[in-house]
Amino acid sequence: MTDVTGAPADVLHTLFHSDQGGHEQVVLCQDRASGLKAVIAIHSTALGPALGGTRFYPYASEAEAVADALNLARGMSYKNAMAGLDHGGGKAVIIGDPEQIKSEELLLAYGRFVASLGGRYVTACDVGTYVADMDVVARECRWTTGRSPENGGAGDSSVLTAFGVFQGMRASAQHLWGDPTLRGRKVGVAGVGKVGHHLVDHLREDGAEVVITDVRADSVRRILDRHPSGVTAVADTETLIRTEGLDIYAPCALGGALNDDSVPVLTAKIVCGAANNQLAHPGVEKDLADRGILYAPDYVVNAGGVIQVADELHGFDFDRCRTKAAKIFDTTLAIFARAKQDGIPPAAAADRIAEQRMAEARRH
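Just so it is clear, the model here is predicted, and its values are computed rather than measured.

Chemist: Explain the nonpolar core residue by residue, including any values.
Modeler: Ranked by internal contacts, the top residues of the largest apolar core, which has 67 residues, are Tyr 110, Tyr 121, Met 169, Val 189, Leu 199, Leu 203 and Ile 212. Per element, the largest residue contribution to this core is seven residues, and it comes from helix H6 (residues 158–177). Not counting residues up to four positions away in its chain, the partners in contact with Val 189 are Gly 196, Leu 199, Val 200, Leu 203, Val 210, Val 211, Ile 212, Thr 213, Leu 240, Ala 250 and Cys 252. Of all hydrophobic cores here, the second largest spans 17 residues; its members include Leu 240, Val 263, Ile 293 and Ala 347.

Chemist: Which residues make up the pairing of strand S8 (residues 209–213), and what values do they have?
Modeler: Of all five residues in S8, four are buried; the element is thus mostly enclosed. Where strand S7 (residues 186–190) and S8 come together, five bridges link them in parallel fashion. The residue bridging Lys 186 from the neighbouring strand is Glu 209, located in S8. Where the polypeptide runs from S7 across helix H7 (residues 196–205) and back to S8, its parallel neighbour, the crossover connection is right-handed. The pairing of S8 with strand S9 (residues 231–233) spans three bridges and is parallel. From the neighbouring strand, Val 210 faces S9, where its bridge partner is Val 231. In this fold, the crossover linking S8 to S9 by way of helix H8 (residues 217–226) has right-handed handedness.

Chemist: Let's hear about the pattern of salt bridges: which residues, and what values?
Modeler: For the structure shown, the criterion picks out 20 salt bridges. Note that Arg 357 is salt-bridged to Asp 86, the shortest N-O span being 3.3 Å. Of this pair, Arg 357 sits in helix H15 (residues 346–363) while Asp 86 sits in the loop between helix H2 (62–82) and strand S5 (88–95), and the two are 271 residues apart along the sequence. Exposure remark for Arg 357: the relative accessible area of 24% places this residue in the partly exposed category. Its relative accessible area of 57% is what places Asp 86 among the exposed residues. Close ionic contact of Asp 311 with Arg 320 constitutes a salt bridge, the shortest N to O distance being 2.9 Å. Residue class for Asp 311 comes out buried when judged on its relative accessible area of 2%. Classification of Arg 320 as partly exposed rests on a relative accessible area of 34%. Salt bridges sharing common partners tie together Arg 55, Asp 68, Lys 91 and Asp 126.

Chemist: Help me get a handle on the environment of Ala 217, residues and values and all.
Modeler: Here Ala 217 shows up in helix H8. In this structure, the C-alpha to C-alpha distance between Ala 217 and Ala 235, residues 18 residues apart in sequence, is 9.7 Å.

Chemist: Can you lay out the packing of helix H14 (residues 328–342) against H15 for me, pointing to particular residues and giving the numbers?
Modeler: At their nearest, the axes of H14 and H15 sit 8 Å apart, and the two run at 105° to each other. Compared by their axis directions, H14 and H15 come out roughly perpendicular. Between H14 and H15, the residues in contact are Ala 334, Ile 335, Phe 336, Arg 338, Ala 339 and Asp 342 and Pro 346, Ala 349, Ala 350, Arg 352, Ile 353 and Gln 356, respectively. When its residues are assigned to classes, the contact of H14 with H15 shows eight nonpolar, one polar and three charged.

Here is what the cut-offs are and how they apply
Residues numbered from 1 in each chain as written. Predicted model: local features only at pLDDT ≥ 70, side-chain atom pairs only at ≥ 80, totals over all residues. Heavy atoms only, no water. Core = buried A, V, L, I, M, F, W, Y, C linked by side-chain atoms within 4.5 Å. Buried < 20%, exposed > 50% of the residue type's maximum accessible area, 1.4 Å probe, protein only. Helix = DSSP H or I, 4+ residues; strand = E, 2+ residues; numbered from the N terminus. Contact = heavy atoms within 4.5 Å. Pairing = 2+ DSSP bridges. Right-handed = clockwise from strand over helix to strand, strands pointing away. Salt bridge = Lys/Arg side-chain N within 4 Å of Asp/Glu carboxyl O. Axes fitted to C-alpha atoms, helices over the stretch in contact; angles between N-to-C directions. Parallel < 35°, antiparallel > 145°, perpendicular 65-115°, else oblique. Nonpolar A, V, L, I, M, F, W, Y, C, P; charged D, E, K, R; others polar.

Everything listed here is a matter of geometry and, on its own, says nothing about what the molecule does.
So this is what it looks like as structure tokens:
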């Protein structure tokens, strides 16, 4: 079923009528000369200009791309609110295989579309886009972050993302065991790529025993070579989550890691990782709570990266960003306290706090 524009009716229903909608603006962009097809979704500007990355992905359909942009933009509103940033949430998706169609012309065309929004949306990197791509986009659009240091940017944001996740882990340990140190704890890290390998460094420095897995053998080898003691590897995530004596599980790869299959067999008492959208569906957070597993909401603890790119707009200062990212420790503790007070899982508590901040901003 489609509406008069030919757009699938379920997408428009999501936008205008569902709890997952409520977006301020959705822009469909096309530049036939370069092959660009993109969707820019602005969920909220209550706290300031919408900030979120650009995902470049070969979606199965345009409807799937729009739905993904809507979901991702909404998630960014919550992430930015909980990070204490004066930014709302937005996200863009470029439709197509970046390995095949990404070009300078396409990125410049995309930059012109972002620029046409006059600062309502600030873009950055996401899946399929990199620092070098943002440097190209920035030639047409001054509302571009995630650029290289040579072009006035902060470069790789994974350093502070990992640092923030580590702070979330420390807060989780403080809440559950009364001590923020991870010394002597066994932590399982699934995915030791861009963010995960930095996280392992923090964990070893703090004295944790680390168990890792990754689909890429070279990523695993790099960690084992870097940490000849205190780190072991297992074959896959299925093995990792069942590891005896695991204290903390850190999903740092794909989303949906916490699902109906994984939650019942988790041995860890805490879940705190860098991956986005870890909860496969609504209700998983209750399943975790029912098993006595403490969940640190992903969009809270992995906000170090967005803190870093947001700072580019003010002249990037790494120490200033690190200080802000360190506050993820206090924010995580506040979420656990709110969850206990309201008798709800931490994920629901985080949502309430974020929604409260956005609602108060709208009233002013």
